[in-house]
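Notes for the structure review
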Amino acid sequence: MQEVLDEIVATIGASDDRGRVADYIPQLACIDPNQFAITVAMADGRIFSAGNSQQLFSIQSISKVFTLTIALGKLGDAVWSRVGREPSGDPFNSIVQLEHENGKPRNPFINAGAIAIADAILMGHQPKETLAEILQFVRFIADDDSIGIDEKVAQSELLTGDRNASLAHFMASFGRIKNPVDCVLGTYFHHCSIAMNSEQLARSGLFLVDNGRNPVTGTRVVSTQRARRINSLMLMCGHYDGSGEFAFRVGLPGKSGVGGGILAIAPGTASIAVWSPGLDEVGNSKLGTEALEKLVQHTGWSIFG
């Protein structure tokens, strides 16, 4: 496995065509696009890494997997009265479908859906309390108490988050948001600003590898059925309107973030994290996707055989 990862870094990681960093978030615009990392966390506890695997980066929308997991734990299937379970087919920050569908987001991984999930887990608490809960959960599943929030990124998002504020207020106009919009947005921007390296991120996905149980620690995080459903949503909706292309090329449940990270799950086998800040035209890591495609070609880990 180490040889495979080293080869991926030597070939794909050295590519000149790296995509474009998320320059609409000022703090992400200044990230060096030449960085690349990949980590494979095996179900048997072995960790393989190559590239800049110790470099922290903003996980952005990958955090939506964790907040969905928390929301399902708090509300159970009542979550689905707030968000749908269908691919959107539109950009991740689109408002179009909200207008046609009475303010109910298509799925929990587009921005509107994740804002609705943030509202669901607030439950009348202050953002600081809810963020502490989210952070505690992420540290628990990654087995790493050093994970934190990048406040500079969070403030950068707050200052440039007019589109997300519009989504939240629009949903509120339909009665879909129960807490003060500013509290919901503060929670959302901060959980998107959690900073992790590829090794921490790969370990955080292990509970989705083994039917809701961390195979290394033996701790059950969610039920088997819930883990399967989270994985299915990642496959269908985890890459916005590029989800079909990712399933076609990689064939694994995955969740991307505009910070350039991707968390992918090979059920029963491994959790994989890649990071390359340059994005493709729909907002997914360009080289990260290519790296995962190459990894699956080497290993045969695609869920489609």
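As a starting point, this report considers the structure included with it. In this text, all values refer to a predicted model and were calculated from it rather than measured experimentally.

Let us now look at the pattern of salt bridges. Here the structure, examined in full by the defined rule, presents twelve salt bridges. We note a salt bridge from E133 to K74, for which the minimum N-O separation is 3.2 Å. Note that E133 is positioned in helix 6 (residues 127–142) and K74 in helix 3 (residues 63–75), a separation of 59 residues in sequence. For E133, a relative accessible area of 30% gives the class partly exposed.

The topology assignment puts A10 in helix 1 (residues 2–11). C-alpha separation for the pair A10 and S146, spaced 136 residues apart in sequence, amounts to 30 Å.

Here the focus is empty space enclosed by the protein. Across all of its chains, the model carries one cavity of 30 Å³ or more by this definition. Of the volumes computed, that of the largest cavity is approximately 80 Å³. Partitioning the lining of the largest cavity into residue classes produces six nonpolar, four polar and three charged.

Conventions used here
- Residue numbering note: each chain is counted from 1, following its sequence as written.
- Given that the model is predicted, a residue must reach a pLDDT of at least 70 before its local features are reported, and side-chain atom pairs must reach 80 or more before they are shown or counted; all residues, however, enter totals for whole chains, interfaces and linings.
- Computation of side-chain values covers all heavy atoms of the structure but excludes hydrogens and water.
- Salt bridge, as used here, is a side-chain nitrogen of Lys or Arg placed within 4 Å of a carboxyl oxygen of Asp or Glu.
- Secondary structure elements are defined from DSSP: runs of H or I of at least 4 residues count as helices, runs of E of at least 2 residues count as strands, and each element is numbered from the N terminus.
- Three labels apply to residues, based on accessible area from a 1.4 Å probe with only protein chains included: buried if under 20% of the type maximum, exposed if over 50%, partly exposed otherwise in between.
- A cavity here means a set of 1 Å grid points, computed over protein atoms only, where a 1.4 Å probe fits but cannot escape. A pocket is an open set with protein on both sides within 12 Å along at least 5 of 7 lines, and lining residues have an atom within 4 Å of a point.
- Grid points are joined across faces, edges and corners, and a volume is the space filled by probe spheres set on the points.
- Under the convention adopted here, Pro, Cys and the residues Ala, Val, Leu, Ile, Met, Phe, Trp and Tyr are nonpolar, Asp, Glu, Lys and Arg are charged, and Gly plus all remaining residues are polar.

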